[in-house]
Amino acid sequence: MNRKLTWMLLAGMTMAFVQCKDSGEAVEPDDENELITSVTLKFTEQGTSNVSTFSFKDPDGDGGNAATKFDTISLKPNKTYTLAIELLDESKTPVNDITKEVEKESDEHLFVYTATPGALLTYSYGDKDKNNYPIGLTGSAVTGAAGDGKLKVQLRHQPGAKNGTPTPGSDDVNLDFILKVK
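Only a predicted model underlies this, so the values are computations on that prediction, with no experimental measurement involved.

Undergrad: Just give me the short version of the overall build of the protein chain, but keep the residues and values in it.
TA: Assigned secondary structure in the protein chain consists of two helices and 11 strands. Within the protein chain, buried positions represent 34% of all 182 residues. On the protein chain, roughly 11200 Å² of surface is accessible, and the fraction owed to carbon and sulfur atoms is 53%.

Structural data, given as C-alpha coordinates:
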(Lines give C-alpha, C1' and ligand atoms only; values in the text may rest on other atoms or scores of the structure.)
Protein backbone atom coordinates (compact mmCIF):
# COMPACT_ATOMS: atom_id res chain seq x y z
CA MET A 1 0.00 0.00 0.00
CA ASN A 2 2.86 2.40 0.92
CA ARG A 3 4.65 1.51 -2.30
CA LYS A 4 1.53 2.32 -4.41
CA LEU A 5 1.06 5.62 -2.58
CA THR A 6 4.74 6.53 -3.11
CA TRP A 7 4.55 5.74 -6.84
CA MET A 8 1.32 7.73 -7.24
CA LEU A 9 2.83 10.71 -5.39
CA LEU A 10 6.00 10.51 -7.51
CA ALA A 11 3.97 10.27 -10.74
CA GLY A 12 1.81 13.23 -9.68
CA MET A 13 4.87 15.39 -8.90
CA THR A 14 6.46 14.47 -12.25
CA MET A 15 3.27 15.47 -14.12
CA ALA A 16 3.15 18.80 -12.26
CA PHE A 17 6.75 19.63 -13.24
CA VAL A 18 6.20 18.63 -16.87
CA GLN A 19 3.06 20.78 -17.16
CA CYS A 20 4.80 23.86 -15.68
CA LYS A 21 7.71 23.65 -18.10
CA ASP A 22 8.63 26.97 -19.77
CA SER A 23 7.59 26.93 -23.42
CA GLY A 24 10.39 29.33 -24.30
CA GLU A 25 7.95 31.80 -25.91
CA ALA A 26 8.21 35.40 -24.80
CA VAL A 27 5.01 36.79 -23.34
CA GLU A 28 3.99 40.08 -24.96
CA PRO A 29 2.81 42.75 -22.52
CA ASP A 30 -0.72 44.09 -23.00
CA ASP A 31 -1.11 47.52 -24.61
CA GLU A 32 -1.31 49.99 -21.76
CA ASN A 33 -3.55 53.00 -21.59
CA GLU A 34 -1.86 56.28 -22.45
CA LEU A 35 -1.07 58.89 -19.78
CA ILE A 36 -3.01 61.99 -20.83
CA THR A 37 -2.58 65.14 -18.77
CA SER A 38 -4.22 67.64 -21.14
CA VAL A 39 -7.33 67.48 -23.37
CA THR A 40 -8.20 70.42 -25.62
CA LEU A 41 -11.41 70.66 -27.65
CA LYS A 42 -11.38 73.12 -30.55
CA PHE A 43 -14.79 74.11 -31.97
CA THR A 44 -14.69 76.06 -35.27
CA GLU A 45 -18.03 77.58 -36.21
CA GLN A 46 -18.98 76.55 -39.74
CA GLY A 47 -18.76 79.33 -42.33
CA THR A 48 -16.66 81.55 -40.06
CA SER A 49 -13.17 81.74 -38.63
CA ASN A 50 -14.59 81.81 -35.08
CA VAL A 51 -12.71 79.25 -32.97
CA SER A 52 -13.59 78.40 -29.37
CA THR A 53 -11.10 76.33 -27.38
CA PHE A 54 -11.86 74.50 -24.13
CA SER A 55 -9.34 72.55 -22.05
CA PHE A 56 -8.88 70.10 -19.22
CA LYS A 57 -5.48 69.88 -17.50
CA ASP A 58 -4.36 67.47 -14.81
CA PRO A 59 -0.54 67.66 -14.66
CA ASP A 60 -0.08 64.50 -12.56
CA GLY A 61 -2.67 62.43 -14.47
CA ASP A 62 -5.63 60.51 -13.09
CA GLY A 63 -5.70 60.36 -9.30
CA GLY A 64 -3.37 62.39 -7.12
CA ASN A 65 -3.94 66.14 -7.27
CA ALA A 66 -7.09 67.70 -8.67
CA ALA A 67 -7.21 69.09 -12.20
CA THR A 68 -5.74 72.58 -12.53
CA LYS A 69 -8.06 73.55 -15.40
CA PHE A 70 -11.52 72.28 -16.40
CA ASP A 71 -13.23 74.74 -18.75
CA THR A 72 -16.96 75.09 -19.25
CA ILE A 73 -17.88 74.62 -22.91
CA SER A 74 -19.96 77.56 -24.16
CA LEU A 75 -21.41 77.36 -27.68
CA LYS A 76 -24.06 79.20 -29.68
CA PRO A 77 -27.46 77.55 -30.25
CA ASN A 78 -28.43 76.02 -33.59
CA LYS A 79 -24.91 76.17 -35.04
CA THR A 80 -22.65 73.64 -36.72
CA TYR A 81 -19.04 73.36 -35.56
CA THR A 82 -16.04 71.38 -36.70
CA LEU A 83 -14.68 69.70 -33.59
CA ALA A 84 -11.03 68.69 -33.28
CA ILE A 85 -9.37 67.26 -30.18
CA GLU A 86 -5.78 67.43 -28.94
CA LEU A 87 -4.28 65.16 -26.26
CA LEU A 88 -0.97 65.74 -24.52
CA ASP A 89 1.17 64.02 -21.91
CA GLU A 90 2.85 67.01 -20.28
CA SER A 91 4.53 64.88 -17.60
CA LYS A 92 7.42 64.30 -20.03
CA THR A 93 10.03 66.65 -21.47
CA PRO A 94 9.56 67.27 -24.28
CA VAL A 95 5.77 67.09 -24.13
CA ASN A 96 4.40 63.91 -25.75
CA ASP A 97 1.65 64.57 -28.34
CA ILE A 98 -0.74 61.68 -27.67
CA THR A 99 -2.99 62.90 -30.53
CA LYS A 100 -0.39 61.62 -33.02
CA GLU A 101 -0.16 58.29 -31.19
CA VAL A 102 -3.95 57.89 -31.27
CA GLU A 103 -3.94 58.75 -35.00
CA LYS A 104 -1.16 56.20 -35.62
CA GLU A 105 -3.03 53.54 -33.60
CA SER A 106 -6.49 54.62 -34.79
CA ASP A 107 -7.62 51.00 -35.19
CA GLU A 108 -7.29 50.69 -31.37
CA HIS A 109 -9.00 53.95 -30.32
CA LEU A 110 -12.47 55.47 -30.42
CA PHE A 111 -13.61 58.86 -29.15
CA VAL A 112 -17.16 59.01 -27.83
CA TYR A 113 -18.93 62.36 -27.40
CA THR A 114 -22.18 62.19 -25.42
CA ALA A 115 -24.28 65.25 -24.61
CA THR A 116 -26.79 65.18 -21.76
CA PRO A 117 -29.49 66.08 -22.55
CA GLY A 118 -28.96 64.73 -26.04
CA ALA A 119 -30.76 67.63 -27.77
CA LEU A 120 -28.01 70.07 -26.70
CA LEU A 121 -25.39 68.70 -29.10
CA THR A 122 -25.19 66.01 -31.77
CA TYR A 123 -21.81 64.69 -32.88
CA SER A 124 -20.98 63.07 -36.24
CA TYR A 125 -17.61 61.42 -36.91
CA GLY A 126 -15.41 62.98 -39.58
CA ASP A 127 -12.68 60.31 -39.75
CA LYS A 128 -12.31 56.54 -40.00
CA ASP A 129 -9.57 53.99 -39.36
CA LYS A 130 -8.21 51.43 -41.84
CA ASN A 131 -11.09 49.09 -40.95
CA ASN A 132 -13.67 51.80 -41.73
CA TYR A 133 -14.57 52.30 -38.04
CA PRO A 134 -14.96 55.84 -36.65
CA ILE A 135 -12.12 57.49 -34.71
CA GLY A 136 -13.36 60.92 -33.54
CA LEU A 137 -10.20 63.03 -33.79
CA THR A 138 -12.30 65.29 -36.04
CA GLY A 139 -16.00 65.57 -36.64
CA SER A 140 -19.04 67.77 -36.70
CA ALA A 141 -20.91 69.07 -33.63
CA VAL A 142 -24.38 70.54 -34.13
CA THR A 143 -25.94 72.43 -31.24
CA GLY A 144 -29.65 72.54 -30.54
CA ALA A 145 -31.71 75.10 -28.67
CA ALA A 146 -30.25 77.00 -25.73
CA GLY A 147 -29.79 75.02 -22.53
CA ASP A 148 -27.34 73.63 -19.99
CA GLY A 149 -26.00 70.14 -19.54
CA LYS A 150 -22.83 68.08 -19.91
CA LEU A 151 -20.63 66.79 -22.68
CA LYS A 152 -18.94 63.50 -21.81
CA VAL A 153 -15.71 63.01 -23.76
CA GLN A 154 -14.31 59.49 -23.71
CA LEU A 155 -11.34 57.96 -25.45
CA ARG A 156 -11.85 54.22 -25.55
CA HIS A 157 -8.68 52.10 -25.79
CA GLN A 158 -9.71 48.98 -27.75
CA PRO A 159 -6.64 46.99 -28.90
CA GLY A 160 -7.74 43.92 -30.84
CA ALA A 161 -11.40 44.56 -30.01
CA LYS A 162 -12.51 47.74 -31.83
CA ASN A 163 -15.83 47.17 -33.56
CA GLY A 164 -17.18 50.72 -33.95
CA THR A 165 -19.01 50.70 -30.60
CA PRO A 166 -17.87 52.10 -27.23
CA THR A 167 -18.37 48.79 -25.40
CA PRO A 168 -15.03 46.95 -25.71
CA GLY A 169 -11.87 48.23 -24.06
CA SER A 170 -11.11 50.70 -21.32
CA ASP A 171 -11.02 54.48 -20.93
CA ASP A 172 -7.90 56.52 -21.67
CA VAL A 173 -10.03 59.65 -21.11
CA ASN A 174 -13.41 60.02 -19.41
CA LEU A 175 -14.35 63.66 -18.75
CA ASP A 176 -17.67 65.39 -18.09
CA PHE A 177 -17.41 68.98 -19.35
CA ILE A 178 -20.16 71.41 -18.34
CA LEU A 179 -21.91 72.41 -21.57
CA LYS A 180 -23.76 75.69 -21.98
CA VAL A 181 -25.55 76.42 -25.25
CA LYS A 182 -26.54 80.11 -25.19
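On we go from here.
Undergrad: Kindly report on the packing of aromatic side chains, identifying the contributing residues and their values.
TA: The geometry of an aromatic ring pair is captured by two quantities: the separation of the ring centres and the angle between the planes. A complete count under the given rule lists seven aromatic pairs for this structure. Aromatic side chains F43 and F54 sit 5.9 Å apart centroid to centroid with 65° between the ring planes, which places their arrangement in the edge-to-face category. Remark: F54 occurs in strand β2 (residues 51–57) and F43 occurs in strand β1 (residues 38–45); sequence separation between them is 11 residues. What makes F43 buried here is its relative accessible area of 0%.

Undergrad: Explain the pattern of salt bridges to me, using residue names and the numbers behind them.
TA: Within this structure, the stated rule accounts for 10 salt bridges. With its nearest N and O atoms 3.2 Å apart, the salt bridge here joins K76 to E45. In this pair, K76 is assigned in the loop between β4 (73–75) and β5 (80–89) and E45 in strand β1, connecting sequence segments 31 residues apart. In this structure E45 comes out as buried when scored by relative accessible area, which is 7%. Taking the shortest distance from any N to any O, the salt bridge between K69 and D71 comes out at 3.9 Å. Each member of the salt-bridge network shares a partner with another, and the members are E45, K76 and K79.

Undergrad: I'd like a description of the environment of D97, backed by residues and values.
TA: Tracing the backbone shows D97 in strand β6 (residues 96–97). Residue classification places D97 among the partly exposed residues on the basis of a relative accessible area of 26%. Sequence separation between D97 and E86 is 11 residues; the distance between their C-alpha atoms is 8.0 Å. Each residue touching D97, except ones within four places of it in the same chain, is listed here: L87 and L88. Polar contacts involving the side chain of D97 include one to the main-chain amide nitrogen of T99, which spans 3.0 Å.

Undergrad: I'd like a rundown of the sheet that holds β4, residues and numbers included.
TA: Strand order in the open sheet formed by four strands is β4-β11-β10-β7, and the pairing between neighbours is mixed. Lying at the two open borders of the sheet, with one neighbouring strand each, are β4 and β7 (109–116). On average, each strand axis in the sheet is inclined to that of its neighbour by 25°, with strand direction left out of account. Bridge analysis of β4 against strand β11 (residues 170–181) gives three bridges, and the strand direction is parallel. Counted as the bridge partner of L75 is V181 from β11.

Undergrad: Break down the pairing of strand β10 (residues 147–157) for me, with residues and values.
TA: Taken together, the eight bridges between β7 and β10 define a ladder with antiparallel strand orientation. Bridged to A115 within β10 is L151. Where β10 and β11 come together, 11 bridges link them in antiparallel fashion. Across the sheet, residue K152 finds its bridge partner in β11, namely D176.

The rules we used
Residues numbered from 1 in each chain as written. Predicted model: local features only at pLDDT ≥ 70, side-chain atom pairs only at ≥ 80, totals over all residues. Heavy atoms only, no water. Helix = DSSP H or I, 4+ residues; strand = E, 2+ residues; numbered from the N terminus. Buried < 20%, exposed > 50% of the residue type's maximum accessible area, 1.4 Å probe, protein only. Areas by Shrake-Rupley, 256 points an atom, 1.4 Å probe, with all protein chains shown as cover. Phe/Tyr/Trp six-rings, centres within 6.5 Å; stacked < 30°, edge-to-face > 60°. Salt bridge = Lys/Arg side-chain N within 4 Å of Asp/Glu carboxyl O. Contact = heavy atoms within 4.5 Å. Polar contact = N/O pair within 3.5 Å; in protein donor to acceptor, adjacent residues only side chain to side chain. Pairing = 2+ DSSP bridges. Axes fitted to C-alpha atoms, helices over the stretch in contact; angles between N-to-C directions.

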